[in-house]
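# Residue-level structure breakdown
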Amino acid sequence: MFVNQFLFLAAVLFCIGVYGVVARKNAVLMLMSIELILNSVNINLLTFSLRNGTTDGHIFALYIIAVAAAEVGVGLGLVLLVYRNKKTISVDDLSEMRG
Amino acid sequence: MIAQNIGFWIIATVMIFAALRVVTTNNVVHAALWLVVVLAGAAAQYILLAAEFVAVTQVLVYIGAVMVLFLFGTMLTRAKIGTESDLNNSYKKLGIPVALVMLVAMGVALVSSFGDEKLPQTATVVSTQEISDQIFGPYLLPFWALSFVLLAAVVGAIVLARKD
């Protein structure tokens, strides 16, 4: 197996996630796109871990999974708060801080 | 090696298709279910990369916990379960060139850096014992910091979502 086939898979997933963050207006769908990006980074870390014969990438991948879980928890808490106050979770409607 | 390659390409194709559905579907619940396919495919790729503990953690944390959170978030923020028309913003067309430019840039960098370099043929599976030796040895301080991050996230999420 080539190193590049895993890295290309991760790159494609990353770009799909970036497209999702740019194109989506619904806050929950934006969080899902961010999960795609984090997963592609995990694939990269594990590929380099196998290539270099170390276990450091595994530790980083586990930490990223934990941080992603925390991020989703806080993110969905924010989304609930926004929905309760504005009755919408469209991020285009959150323009109070625009100068 | 041949079997692993075939497995890789099948899983990779399914993952990319599912990821495209996540960012294009008009139904929030369907997007969450397509995301499950991507996450399960990622877990399978981790096993191909000899990382069984990370793969099991991925299934437990992402497919078990994060997806339930997403479905609850969908359920609590809108009563309507079904197709919706206003999920994309007006910059939708702009996203395609942005993603393509990034993909081309990363592809050129990857080809020029790694070319046709191969992964080691005789990779041994990284055992859970090795990972725990690392976490509770040289990576102990980041582990503590991560514990505080999780604690802060739990407390913060409750404070944010609580009704006063």
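Let us look at the structure shown here. Because the structure is a prediction, the values reported are computed rather than measured. (Residues numbered from 1 in each chain as written. Chains lettered and ligands numbered in written order. Predicted model: local features only at pLDDT ≥ 70, side-chain atom pairs only at ≥ 80, totals over all residues.)

## What to know about the overall build of chain A
A count of helices and strands for chain A gives three helices and zero strands. The C-alpha radius of gyration of chain A comes to 17 Å, more than 25% above the 13 Å expected for a compact globule of 99 residues. Over its C-alpha atoms, taken along the principal directions, chain A stretches across nearly 50 × 25 × 20 Å. Here chain A, with 99 residues, has 55% of them falling under the buried criterion. Residue pairs at least 24 apart in sequence account for 45% of intrachain contacts in chain A once pairs closer than 6 positions are excluded. (Helix = DSSP H or I, 4+ residues; strand = E, 2+ residues; numbered from the N terminus. Rg over C-alpha atoms; globule rule 2.2 N^0.38 Å. Buried ≥ 20, exposed ≤ 12 C-beta atoms within 10 Å, placed from the backbone. Contact = placed C-beta atoms within 7 Å.)

## Things to note about helix H2 (residues 27-52) of chain A
All names here are of chain A. Under the 1.5 Å per step criterion, the end-to-end length of H2 is 38 Å for 26 residues, consistent within 8% with the ideal 38 Å. For H2, the buried fraction is high: 19 of the 26 residues fall into the buried class. Phi turns positive, to about 70°, at Gly53, one or two residues after H2. (Expected span 1.5 Å × (residues − 1).)

## Structural notes on the interface of chain B and chain A
Contacts between the two partners involve 76 residues from chain B and, on the opposite side, 60 residues from chain A. Going through the elements one at a time, helix H1 (2-24), helix H2 (28-48), helix H3 (52-77), helix H4 (92-114), helix H5 (128-135) and helix H6 (140-161) of chain B are the ones with two or more residues in the side of chain B that touches chain A.

## So, the packing of helix H1 (residues 3-23) of chain A against H2 of chain A
Residue and element names in this part refer to chain A. Two elements in contact, H1 and H2, have axes separated by 8 Å at closest approach and are oriented at 165°. Viewed along their axes, H1 and H2 adopt a mutual orientation that is roughly antiparallel. Seen from above, H1 lies across H2 with left-handed handedness. Contacts from Val3, Phe6, Leu7, Leu9, Ala10, Leu13, Phe14, Ile16, Gly17, Val18, Gly20 and Val21 in H1 reach Leu29, Met30, Ser33, Ile34, Leu36, Ile37, Asn39, Ser40, Ile43, Asn44, Thr47 and Arg51 in H2. Residues that form the contact of H1 with H2 fall into these classes: 16 nonpolar, seven polar and one charged. (Axes fitted to C-alpha atoms, helices over the stretch in contact; angles between N-to-C directions. Parallel < 35°, antiparallel > 145°, perpendicular 65-115°, else oblique. Left-handed = near helix turned anticlockwise from the far one by under 90°. Nonpolar A, V, L, I, M, F, W, Y, C, P; charged D, E, K, R; others polar.)

## Observations regarding the environment of Gln4 of chain B
Inspection of the secondary structure puts Gln4 of chain B in helix H1. For the pair Gln4 of chain B and Tyr139 of chain B, spaced 135 residues apart in sequence, the C-alpha separation works out to 32 Å. In contact with Gln4 of chain B, other than residues within four places in its own chain, are Met1 of chain A together with Leu48 of chain B.

## Observations concerning H3 of chain B
In this model H3 of chain B runs 36 Å from its N-terminal to its C-terminal C-alpha over 26 residues, within 8% of the 38 Å that 1.5 Å per residue would give. Listed as buried for H3 of chain B are Phe53, Val54, Ala55, Gln58, Tyr62, Val66, Phe70, Gly73, Thr74 and Thr77 of chain B. Structurally, H3 of chain B contributes buried residues whose contacts are with H2 and helix H3 (56-86) of chain A together with H2 and H5 of chain B.

## Here's the deal with the environment of Thr55 of chain A
By the secondary structure assignment, Thr55 of chain A is in the loop between H2 and H3. Judged by local crowding, Thr55 of chain A falls into the partly exposed class, with 19 C-beta atoms found within 10 Å. Remark: the alpha-carbon pair of Thr55 of chain A and Leu94 of chain A, spanning 39 residues in sequence, is separated by 43 Å. Sequence-distant contacts of Thr55 of chain A, defined by excluding residues within four places in its chain, comprise Ser49 of chain A together with Val126, Glu130, Ile131 and Gln134 of chain B.

By themselves, these are just geometric observations and shouldn't be taken as functional.
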